[in-house]
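Architecture at a glance
The chain contents come next:
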Amino acid sequence: MKYDMPIANDYVAEVQRDYPEILHLTRRSITHLESYLGKPVPEEEAAYIAMHFGGWLHRDGVQRIKSIPPLSSAKTGSRHPRCCGRSSKHCCRN
């Protein structure tokens, strides 16, 4: 990430489809990393980090993540400042 080296992650679509809650929480938790780097973390990297979080949760016996409170009460089309920065219509998980 620091040196902008491209990576490939064949599991991005699977993580997005099967583990949206973990990916969403990962996106919320890496905002400090993005701030430190001065750029957004690519989706491929976020999916890898989510896979690590998911493995840790599985190892610790967590069956289900409780519901996630909304990030904001902003109208559709606005930006999520604490998430991925995408518009709310295309956010990781509204």
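Residues numbered from 1 in each chain as written. Predicted model: local features only at pLDDT ≥ 70, side-chain atom pairs only at ≥ 80, totals over all residues. Heavy atoms only, no water.

1. As for the overall build of the protein chain
Per the secondary structure count, the protein chain includes four helices and zero strands. Within the protein chain, contacts between residues separated by at least 24 positions form 59% of all contacts whose residues are at least 6 apart in sequence. (Helix = DSSP H or I, 4+ residues; strand = E, 2+ residues; numbered from the N terminus. Contact = heavy atoms within 4.5 Å.)

2. Concerning helix H2 (residues 20-29)
Considered for burial, the residues of H2 that qualify are Pro-20, Ile-22, Leu-23, His-24, Thr-26 and Arg-27. Its buried side turned inward, H2 meets helix H1 (12-18), helix H3 (31-37) and helix H4 (43-59). (Buried < 20%, exposed > 50% of the residue type's maximum accessible area, 1.4 Å probe, protein only.)

3. Focus: unusual backbone geometry
Excluding glycine, a negative phi dihedral is what most residues carry, and trans is how most peptide bonds are arranged. Located in the positive-phi region is Asp-4, a residue other than glycine, with phi close to 55°. Mapped onto the elements, Asp-4 comes out in the segment before H1. A relative accessible area of 58% means that Asp-4 is categorised as exposed.

4. Points about a nonpolar patch on the surface
Together, Ile-7, Tyr-11, Tyr-48 and Met-51 give the surface a local cluster of nonpolar side chains, amounting to about 350 Å² of exposed area. For Tyr-48, the location among the structural elements is in helix H4. A relative accessible area of 31% places Tyr-48 in the partly exposed class. (Patch = residues over 30% accessible without salt bridge, like charges linked within 9 Å, V, L, I, M, F, W, Y side chains within 5 Å. Areas by Shrake-Rupley, 256 points an atom, 1.4 Å probe, with all protein chains shown as cover. Salt bridge = Lys/Arg side-chain N within 4 Å of Asp/Glu carboxyl O.)

5. Let's talk about the nonpolar core
With 10 residues, the main nonpolar core is built from Val-12, Val-15, Ile-22, Leu-23, Ile-30, Val-41, Ala-46, Ala-47, Ala-50 and Leu-57. Elements supplying a minimum of two residues to this core: H1, H2 and H4. Of all the elements, H4 adds the most residues to this core, at four residues. Apart from residues lying up to four places away in sequence, Ala-46 is in contact with Leu-23, Thr-26, Arg-27, Ile-30 and Val-41. (Core = buried A, V, L, I, M, F, W, Y, C linked by side-chain atoms within 4.5 Å.)

6. Observations regarding the pattern of salt bridges
Taken as a whole and assessed by the stated rule, the structure comprises five salt bridges. The partner of Lys-39 in a salt bridge is Asp-4, with the nearest N and O atoms 2.7 Å apart. Of this pair, Lys-39 sits in the loop between H3 and H4 while Asp-4 is found in the segment before H1, placing the two residues 35 residues apart along the sequence. Residue Asp-18 pairs with Arg-17 through a salt bridge whose shortest N-O separation is 3.0 Å. The structure contains a network of salt bridges with shared partners spanning Arg-27, Glu-34 and Glu-43.

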